[in-house]
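# Structural overview for review
Now for the letters of each chain:
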Amino acid sequence: MAVNDLKAFFQSNPLMALFSDEELDECVKASEVVEFAAGVDIEKRGETHNSSWIVYDGEVGVSIPGEGVTEELLTKLEKGRIFGDMSVFTGNLVAFDFKTTQPSTLVRIPRPVFMGVVKKNPAATLQFTKNLTEIVFHLGLYQKEHEIREAAMLASPDPYDLYFTSASEPMKISVINCGSSSLKYTIFDTTQRDPLIEGTIERIGSADAHHKVVTPTSKKSVSLGAVPNMEKAFEFMVAAISDPAVGAVRDVREFKAVGHRVTHGGGLFNGPVIIDDQVLEQIRSVSDLAPLHNPYNIEGIELFRKLLPGAKQVAVFDNTFHQTIPPAAATYALPRRLCAEERIRRYGFHGTNHEYVALNAATFLKKPLSELKMITCHLGSGASVCAIDHGRSIDTSMGMTPLEGLVMGTRPGDVDPGVIFHLLRKGRSAEELENIFNKDSGLKGISGLTNDMRELLAAAENGDAHALNAISVFCYRIKKYIGAYTVALGGLDVVVFTGGIGENSPEIRARIFQGFEAFGMTIDHRINRDARPERGQVVDIAEPNAKVRVLLIPADEERMIARNTLHTVGLVRSEADIRVFKTTPIPLSISAHHIHLTQENFELLFGRGKAMTPKSPLSQPGQFAAEETVNLIGPKGNLEKVRILGPARKYSQLEISRTEQFKLGIDPPIRDSGDIEGTPGITVVGSQGQIHLEKGVICAKRHIHMSTDDALKFGLRDKDVVRVRKEGGRGLIFGDVLIRVDQNFRLDMHLDTDEGNAAEIKPGDTGYIESIEHRRYI
Ligand code: ADP
């Protein structure tokens, strides 16, 4: 069908009627009229949206996945309806399937043009937002959002945004890693898969510094002569990245964001942060915990702030991923006061790469990270293992410093601290010992040969007994940690190998896996021998039917820093958003222990055909505290008169506080409500019977319920993680607060009794959202 007057057609649309004459002309010029037969896919779930569409004639069906392969038709779009705008607006992947139901004529407007106009025109922006809200309400989409996002994830090649799929506009990001005598830099362009340039300047401070530069098409290595300091090294870096032959950037001022690798956050940060004077001071204040690293990281940050005062500088810490490690795993059994004064605890390191490979593993397995139990083994010249429970680090082998844990190239890992006192008594100085433990131990120390695993393997093959012993000690230590972490996780789905040795050495992997067969962990030795994953690839070396997948994933810390930088910059709120945060109080409620039951379990406890008796309504509409209570029998002690909250649910779940877990004698993990796979069970006693739940005991992750309306007002999304400030006498900032959005929810933050007591929360108290801490792409 011919389209005669596109401009008049656009004007008949309530949103586009708000466009100015020139804006309409711009849209007309960029538009394309396309004819489709019936049953043609226009946009598919999981794709990236690049266009807005308007139905000129015919009809487009909108559907989402139903049970199995059947699709659930949500609605039909007729003449004049715009679609595709939601994902165009949010930058998310397409959440629905759009398919013509009859021969149709559609008009396509490219995303940059359409959004450009909407963004420039305040009346259109407002109308656009109203349209979106309507769609959301009418289709009840928010209710289904979780399932839809999960389905989109399974369909998406980049659900965790490791390749910057969510970037709303093209952007160049620089990643900087400053050491005592080295500078590593990597430049990413969000529209391209490979970095534009990767450079390393080594031996800074000497007379023969060296510069290695790699681009997608070239590799070169040049001598720089004397490079006395970092400032001079920066000049070489700037020259290399703005070299017209490389074409990475024309001018370094193009960078809007710079991500700095910072070794130690000292427990002060829960994730990456935008650096301002205060943050810089905080990083400085914990430098004594990483004297060989943080001061150089700070120097790099200061130089970049001078070089690019307009760019956002982001600190991405090596250990914030491990902030979720529970006290049981983070505490050293030393005097409490001493630990508090000196900030002595287990912090862990390599967090950026542990998280990177975990996200990669979930992507490869097409499963949400939040459903996997994983052990990641980073085996390079430094080495650590991490236990990741449903996306959260719950233990890692490095401690307050990178000395603890595995045997490394030149560090010993776990050693009886008595050895140190013994050597001190024998007259060795602290500096001497620090040198021995950092530079002369580990593989190098045991073998007396080298810290290089390739050389050790060759020497062992030639019969060198010390080399063989070094390899055996290295592998045995890893095996021990994998065993321990499998138990800490209460099961295991995936083991990941990463780092120079982990990615490249089939011999080492095979040795580690000897003896694990009884636990369903078997590798295919042929695949293991032949696997050579390149950066960005994943290889599964487990036997096809093995219970546990074993993945090789090349490390890529730089990509993860760039991705976290992009997300952190994206979380900077406008002044208007911050005003909403500051002026909208959030009611704070303490959830005492309670239990949710399935109807079936309720009947087993209270008699066949019985239903819960509502006693009093809860803050969330439709939910109630029931008259009925249950008693709980734990391995150690009991809890009596635990309130049942109704209505009945699809699963039974008990939520208790940290203190109560001790009383019962069980150790439940911190989880989102409903995420009960692999959690401990408990015996529940009702008036008419007793049941044993196999699973379902959790410490609920603190969270805020909010309606879709509130979410729009705050500019927040379901599953965002925020910080909340409670002011007053024992004011506290709660980090790690999960946002839960549902159109039926009422604004309310839920804390458990321990958390409430810590901040002395009383009925009627409120808090304020301070900032967004974390936004999951999915
Ligand atoms: P870093 O922690 O310094 O980044 P890498 O991750 O590069 O270290 O790992 C360096 C280690 O990886 C060295 O011990 C090196 O011998 C080892 N390695 C690299 N390739 C192989 C290989 N093919 N087989 C065994 N070990 C290897």
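For the structure itself, look to the data block above.
Okay, so let's go over this structure. Just so you know, these numbers come straight off a predicted model, no measurement behind them. (Residues numbered from 1 in each chain as written. Predicted model: local features only at pLDDT ≥ 70, side-chain atom pairs only at ≥ 80, totals over all residues. Heavy atoms only, no water.)

## Looking at the nonpolar core
As a reminder, the rule being used: Buried Ala, Val, Leu, Ile, Met, Phe, Trp, Tyr and Cys residues form a nonpolar core when they are joined through side-chain atoms within 4.5 Å. Remark: exposure states derive from per-residue accessible area (1.4 Å probe, protein chains only) relative to the maximum for the residue type, with buried under 20%, exposed over 50%, and partly exposed in between. Only DSSP runs of H or I covering at least 4 residues are called helices, and only runs of E covering at least 2 are called strands; the numbering of each starts at the N terminus. Any pair of residues with heavy atoms lying within 4.5 Å of one another is described as a contacting pair.
With 45 residues, the main nonpolar core has Leu379, Met453, Phe474, Phe497, Ile508, Ile512 and Phe513 as its most contacted residues. If you list the elements that add at least two residues to this core, you get strand S17 (373-379), strand S18 (383-389), helix H16 (453-461), helix H17 (465-489), strand S20 (494-498), helix H19 (506-513) and strand S22 (549-552). Residues in contact with leucine 379, not counting those within four places in the same chain, are Leu406, Phe474, Ile478, Phe497, Thr498, Gly499, Gly500, Ile501, Gly502 and Ile512. If you look at the next biggest cluster of nonpolar residues, it comprises 28 residues, including Leu196, Ala209, Ala233 and Val252.

## Re the packing of H16 against H17
The criterion, for reference: Where helices are involved, their axes are fitted lines through C-alpha atoms of the stretch in contact, as for all axes, and angles between N-to-C directions lie from 0 to 180°. For classification purposes, angles smaller than 35 degrees are called roughly parallel, those larger than 145 roughly antiparallel, those between 65 and 115 roughly perpendicular, and all remaining angles oblique. Crossing handedness is read from the near helix: turned anticlockwise from the far helix by less than a right angle, it gives a left-handed crossing, and turned clockwise, a right-handed one. Basically, the charged four are Asp, Glu, Lys and Arg, the nonpolar ten are Ala, Val, Leu, Ile, Met, Phe, Trp, Tyr, Cys and Pro, and anything else, Gly included, counts as polar.
Following both chains from N to C, one finds H16 and H17 inclined at 125 degrees, their axes separated by 8 Å at the closest point. Relative to H17, H16 is oriented oblique. Read as a crossing pair, H16 and H17 show a hand that is left-handed. Contacts from Met453, Leu456, Leu457, Ala459 and Ala460 in H16 reach Ala467, Leu468, Ala470, Ile471 and Phe474 in H17. By residue class, the composition of the contact of H16 with H17 is ten nonpolar, no polar and no charged.

## Focus on the pattern of salt bridges
Note on pairing: side chains with opposite charge can pair once their charged atoms come close. To keep things clear, this is the line we draw: We define a salt bridge as a side-chain nitrogen of Lys or Arg found within 4 Å of a carboxyl oxygen belonging to Asp or Glu.
Tallied over the full model, the rule gives 33 salt bridges. Across the salt bridge formed by arginine 203 and aspartate 208, the nearest N and O atoms sit 3.6 Å from each other. Under the relative-accessibility criterion, aspartate 208 is labelled partly exposed at 42%. One salt bridge connects aspartate 318 with arginine 261, and the closest N-O pair in it is separated by 3.0 Å. Residue aspartate 318 is located in the loop between strand S16 (312-317) and helix H10 (327-330), and its partner arginine 261 is located in strand S14 (residues 257-262); the two are separated by 57 residues in the primary sequence. Judged by its relative accessible area of 3%, aspartate 318 falls in the buried class. Since its relative accessible area comes to 15%, arginine 261 is described here as buried.

## What about the site of the ligand?
For clarity, the threshold we go by: One heavy atom within 4 Å of a molecule or strand is enough for the residue carrying it to be called near that molecule or strand. Whenever two N or O atoms come within 3.5 Å, that pair is a polar contact, provided that in protein one can donate a hydrogen and the other can accept it, and provided that, for residues adjacent in sequence, both atoms are side-chain atoms. Method for areas: the Shrake-Rupley scheme with a 1.4 Å probe, in which residue coverage is limited to the protein chains shown.
Around the ligand there are 13 residues in total, and Ser381, Asp452, Met453, Gly500 and Ile501 lie nearest to it. Serine 381 places a polar side-chain atom, nitrogen or oxygen, 2.5 Å from an oxygen atom of the ligand. The separation between an oxygen atom of the ligand and a polar main-chain atom of arginine 454 is 3.3 Å. With the chains in place, 66% of the 570 Å² that the ligand exposes on its own is no longer accessible. Secondary-structure elements contributing two or more residues to the shell around the ligand are H16 and helix H18 (499-504). The leading source of residues in the shell around the ligand is H18, at four residues. The residue makeup of the shell around the ligand, split by class, is three nonpolar, eight polar and two charged.

## What about the sheet that holds strand S6 (residues 82-83)?
Rules: When DSSP finds two or more bridges between a pair of strands, those strands are recorded as paired.
One open sheet accounts for four strands, arranged S1-S8-S3-S6; its pairing is antiparallel. The open sheet has two edge strands with one neighbour each: strand S1 (32-36) and S6. For S1 and strand S8 (residues 104-110), the ladder comprises five bridges, and the chain directions are antiparallel. Following the sheet pairing, valine 33 is matched in S8 by valine 107.

## Structural notes on the sheet that holds strand S35 (residues 732-741)
The strand order S23-S36-S33-S35-S34-S37 describes a closed barrel built from six strands, whose pairing is mixed. With strand direction ignored, the average angle separating the axes of adjacent strands in the sheet is 45 degrees.

## A short note on helix H7 (residues 230-241)
The cut-off we apply is this: Under the convention used throughout, the expected extent of a helix is 1.5 Å for every residue step, that is, one less than its residue count. The arc in question is formed by the directions pointing from the helix axis toward the C-beta atoms.
Spanning twelve residues, H7 covers 16 Å between terminal C-alpha atoms, matching the ideal 16 Å at 1.5 Å per step. Of all the residues in H7, the buried ones are Met230, Ala233, Phe234, Met237, Ala240 and Ile241. Across the axial projection of H7, the buried residues extend over an arc of 125 degrees, all falling on one side. Lining the buried residues of H7 we find strand S9 (172-178), strand S10 (183-189), strand S11 (197-202), strand S12 (209-215) and helix H9 (294-307).

## A short note on the pairing of S20
Among the five residues of S20, five are classified as buried, and the element is accordingly described as predominantly covered. Because side chains alternate across S20, one face comprises the buried residues Val494, Val496 and Thr498, and the other comprises Val495 and Phe497, equally buried. Pairing of S17 with S20, which is carried by five bridges, proceeds in the parallel orientation. Counted as the bridge partner of isoleucine 375 is valine 495 from S20. Both S20 and S22 contribute to a ladder of four bridges, which runs parallel. Following the sheet pairing, valine 494 is matched in S22 by arginine 549.

## So, the state of the cysteines
Put simply, the rule is: The term disulfide is used for any two cysteine sulfur atoms that are within 2.5 Å.
Taken as a whole and judged by the stated rule, the model has zero disulfides. Residue cysteine 475 stays outside any disulfide, its sulfur separated by 11 Å from that of cysteine 377, the closest cysteine.

## A word on the pairing of strand S25 (residues 614-617)
In the sheet, S25 pairs with strand S26 (residues 624-633) via three bridges, with the strands oriented antiparallel. By the bridge assignment, proline 614 is partnered in S26 with alanine 626. Between S25 and S26, which pair antiparallel one after the other, the connecting turn spans six residues, and glycine 622 there sits at a positive phi close to 85 degrees.

## Comments concerning the packing of aromatic side chains
Basically, it comes down to this: Each aromatic pair joins two rings of Phe, Tyr and Trp (for Trp, the six-membered one) with centres within 6.5 Å, and gets the label stacked for planes under 30 degrees apart, edge-to-face for over 60, and tilted for any other angle. For a Lys NZ or an Arg CZ to count as sitting over a ring, it must be within 6 Å of the ring centre and within 35 degrees of the ring normal.
Considering all chains together, one arrives at 15 aromatic pairs under this definition. Seen from their ring centres, phenylalanine 581 and phenylalanine 714 are 6.1 Å apart, and the 40 degrees between their planes marks the pair as tilted. Placement of the pair is phenylalanine 581 in helix H22 (residues 575-583) and phenylalanine 714 in helix H25 (residues 708-714), with a sequence separation of 133 residues. Clustering of aromatic rings is evident, with ring pairs tying together Phe36, Trp53, Phe83 and Phe98. When the ring centre of phenylalanine 662 is taken as reference, the NZ or CZ atom of lysine 636 above it lies at 4.6 Å.

Interpretation in functional terms is not warranted from these geometric data alone.
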